[in-house]
Structure formats: C-alpha cells, structure tokens
Amino acid sequence: QVQLVESGGGLVQPGGSLRLSCAATGRIFSEYTMYWYRQASGKQRELVAHISSGGSTRYTDSVKGRFTISRDNAKNTVYLQMNSLKPEDTAVYYCHTFGIGAHTGNYWGQGTQVTVSS
C-alpha cells in the first residue's frame, strides 16, 4: 500500500508561482515513476507531467517551459514547480503512482486546489 499526500495549492495571480509537493509512503519510493495530473471543473483529468525513477521527465505541451517536476528520494517527495501561471491552469492537482513490484497498485492522492485568478 502506498499513500500519497499533496500540499502547496492555493490562490495565485496570473503570472505567479506555486510549488506543489506530494509526500509518499513506501521504502522503495525511489523506484516509482511519479505523475502529476490535474482536473479542471467540468473537464477530464489530464496528465501534466511525470518523472521516472531515473529522473527522466515529460510534460504536456501546455505546461512545457513553465512547470518543472522533480523528486527528492531522501524525503519520499515529488514536486511540481509551477511558474508563469495562467487562469487555464486552475484545477485540482493530483499525485499518482502505480508503485512497483509487491506494491503495485493504482494510487492517488486526495488532490490540492490551484486557482489562478486576479
């Protein structure tokens, strides 16, 4: 069983920045691929970014150059640094992993609200 807890959301003006954090349980966190998703009101959940166990990253086109995903394996935490935020980034942001090996599953955090508005 893997538990994920997000934090760091809030209200920010357009052009501002936020850093989301996702703390995970599990002694082999370093082996998990970690994902950030978001879901805007009335829309489907979409993949924002992911980071592999080796540190490779990928982003959806709409956030490239503005968002950065990173991980600190010593803290069992993955981050999403969001810069130059736009109103269309407003959504609930979720952390996700499938775990690995004996801890394979479909794990989601509770989500954290990000609102970009003046």
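Here, every reference points to the structure presented above.
Right, let's walk through the structure included here. As the structure is a prediction and not an experimental result, all values here were calculated from the model. (Residues numbered from 1 in each chain as written. Predicted model: local features only at pLDDT ≥ 70, side-chain atom pairs only at ≥ 80, totals over all residues. Heavy atoms only, no water.)

1. Things to note about the state of the cysteines
The condition that has to hold: Two cysteine sulfurs form what is called a disulfide whenever their separation falls within 2.5 Å. Each helix is a run of H or I in the DSSP string that is no shorter than four residues. Each strand is a run of E no shorter than two, and both are numbered from the N terminus. Residue exposure (1.4 Å probe, protein chains only): buried if accessible area is under 20% of the type maximum, exposed if over 50%, otherwise partly exposed.
Summed over all chains, the structure comprises one disulfide. Note on cysteine connectivity: Cys-22 is disulfide-linked to Cys-95, with sulfurs 2.1 Å apart. On the sign convention where negative means left-handed, the S-S torsion of about -80 degrees between Cys-22 and Cys-95 marks this disulfide as left-handed. In this pair, Cys-22 sits in strand β3 (residues 18-24) while Cys-95 sits in strand β9 (residues 91-97), placing the two residues 73 residues apart along the sequence. As far as burial versus exposure is concerned, Cys-22 and Cys-95 are alike and both buried.

2. Details of the packing of aromatic side chains
To keep things clear, this is the line we draw: When two rings of Phe, Tyr or Trp (its six-membered ring) have centres within 6.5 Å they constitute a pair, described as stacked for plane angles under 30 degrees, edge-to-face for angles over 60, and tilted for the intermediate range. Only lysine NZ and arginine CZ atoms are considered, and such an atom sits over a ring when it is within 6 Å of the ring centre and within 35 degrees of the ring normal.
Summed over the entire model, instances satisfying the criterion amount to five aromatic pairs. Pairing Phe-29 with Tyr-32 gives two aromatic rings, centres 6.2 Å apart and planes at 75 degrees, and the pair type is edge-to-face. Judged on exposure class, the residue Phe-29 and its partner Tyr-32 are both buried. Here Tyr-94 and Trp-108 contribute two aromatic rings whose centre-to-centre distance is 6.4 Å and whose plane-to-plane angle is 85 degrees, an arrangement assigned as edge-to-face. Highlighted residues: Tyr-94 in strand β9 and Trp-108 in strand β10 (residues 107-108), separated in sequence by 14 residues. Cation over ring: Arg-45 sits above Trp-108, and NZ or CZ is 4.6 Å from the ring centre. Over the face of the ring belonging to Phe-29 we find Arg-71, whose NZ or CZ atom lies 4.8 Å from the ring centre.

3. Observations regarding the pattern of salt bridges
Short version of the rule: Each reported salt bridge corresponds to a side-chain nitrogen of Lys or Arg within 4 Å of a carboxyl oxygen of Asp or Glu.
Throughout the structure, instances matching the rule amount to four salt bridges. A salt bridge links Asp-89 to Arg-38; its shortest N-O distance comes to 2.9 Å. Of this pair, Asp-89 sits in the loop between β8 (77-82) and β9 while Arg-38 is found in strand β4 (residues 34-39), placing the two residues 51 residues apart along the sequence. The two residues Asp-89 and Arg-38 agree in class, both being buried. As a salt-bridge pair, Asp-61 and Lys-64 come within 2.9 Å of each other at their nearest N and O atoms. Classification of Asp-61 by relative accessible area gives exposed; the value is 61%.

4. Looking at the sheet that holds β8
Condition: Here, any two strands with at least 2 DSSP bridges between them count as paired. Axes, fitted as lines to C-alpha atoms, cover a helix only where it is in contact. Angles between the N-to-C directions of the axes lie from 0 to 180 degrees.
If you walk across this open sheet you meet the four strands as β1-β3-β8-β7, and the pairing is antiparallel. A single partner strand is all that each edge strand has here, and the edge strands are β1 (4-7) and β7 (67-72). Each neighbouring strand pair of the sheet contributes to a mean axis angle of 15 degrees, computed without reference to strand direction. Here β3 runs beside β8; their pairing, made up of six bridges, is antiparallel. By the bridge assignment, Leu-20 is partnered in β8 with Leu-80.

That is the geometry; function is a separate question.
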